[in-house]
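Structural overview for review
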Amino acid sequence: MHIRGDHAELVVGGRLDVRSAADARTVLHSALDDGAGDLVLDLTELDSWDATGLGVIMGAHRRAGRAGRRLVLRGVPPQMQRLLVATRLHRILAIEGGIAADSLPRV
């Protein structure tokens, strides 16, 4: 997994899973604590995430709210969009452009 960017926008690539969760959490918390306004999390380069990775995203979402900020997901890959819809998290998380649940391909 790799994360690059600053306190306003981060690009996440590779796998966000149990092995990378601690590092991702540290970077996200630092970006949230050091900035203001929306923090955009660009996921276009993300290959996959597991439950732990999704937990990191949800934790960052909660931390952003406590800091008066908003975590905004951008470029959510289709397979991850399906997971967000299945868990109904697409109703909680801010997703740039939204997710049209009806248009997602079925697996």
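A quick note: this is a predicted structure, and the numbers were derived from the prediction, not measured.

Rules and cut-offs
Residues numbered from 1 in each chain as written. Predicted model: local features only at pLDDT ≥ 70, side-chain atom pairs only at ≥ 80, totals over all residues. Heavy atoms only, no water. Salt bridge = Lys/Arg side-chain N within 4 Å of Asp/Glu carboxyl O. Helix = DSSP H or I, 4+ residues; strand = E, 2+ residues; numbered from the N terminus. Buried < 20%, exposed > 50% of the residue type's maximum accessible area, 1.4 Å probe, protein only. Expected span 1.5 Å × (residues − 1). Arc of directions from axis to C-beta. Contact = heavy atoms within 4.5 Å. Core = buried A, V, L, I, M, F, W, Y, C linked by side-chain atoms within 4.5 Å.

On inspection of all chains with the given rule, the structure shows seven salt bridges. Across the pair E45 and R4 runs a salt bridge whose closest N-O atoms are separated by 2.8 Å. Residue E45 is located in strand β3 (residues 39–49), and its partner R4 is located in strand β1 (residues 2–5); the two are separated by 41 residues in the primary sequence. Owing to a relative accessible area of 32%, E45 belongs among the partly exposed residues under this scheme. Taking the shortest distance from any N to any O, the salt bridge between D17 and R15 comes out at 3.1 Å. Residue class for D17 comes out buried when judged on its relative accessible area of 6%. Where salt bridges share partners, they join E9, R74 and E96 into one cluster.

A word on helix α1 (residues 21–34). An α-helical turn contains 3.6 residues, so any two residues separated by three or four positions project in the same direction. Compared with an ideal rise of 1.5 Å per residue, which puts 14 residues at 20 Å, α1 spans 20 Å between its outermost C-alpha atoms and is within 8% of the ideal. If you check which residues of α1 are buried, you get A21, A24, L28, A31 and L32. Down the axis of α1, the buried set is contained in an arc of 100 degrees. They therefore lie on one face. Exposed and facing more than 90 degrees away from the buried side of α1 are D23, T26 and D34. Buried positions along α1 lie against β1, β2 (9–16), β3 and α2 (51–66).

The biggest cluster of nonpolar side chains holds 28 residues, and the ones touching the most others in it are L41, W49, L73 and L84. Residue assignment for this core shows that the elements contributing at least two residues are β2, α1, β3, α2, β4 (71–74) and α3 (78–86). The greatest single-element share of this core, amounting to six residues, is contributed by α2. Ignoring anything within four residues of it in the chain, the contact list for L41 reads L10, V12, L28, I57, L71, V72, L73 and R74.

Any functional reading would require information beyond the geometric quantities listed.
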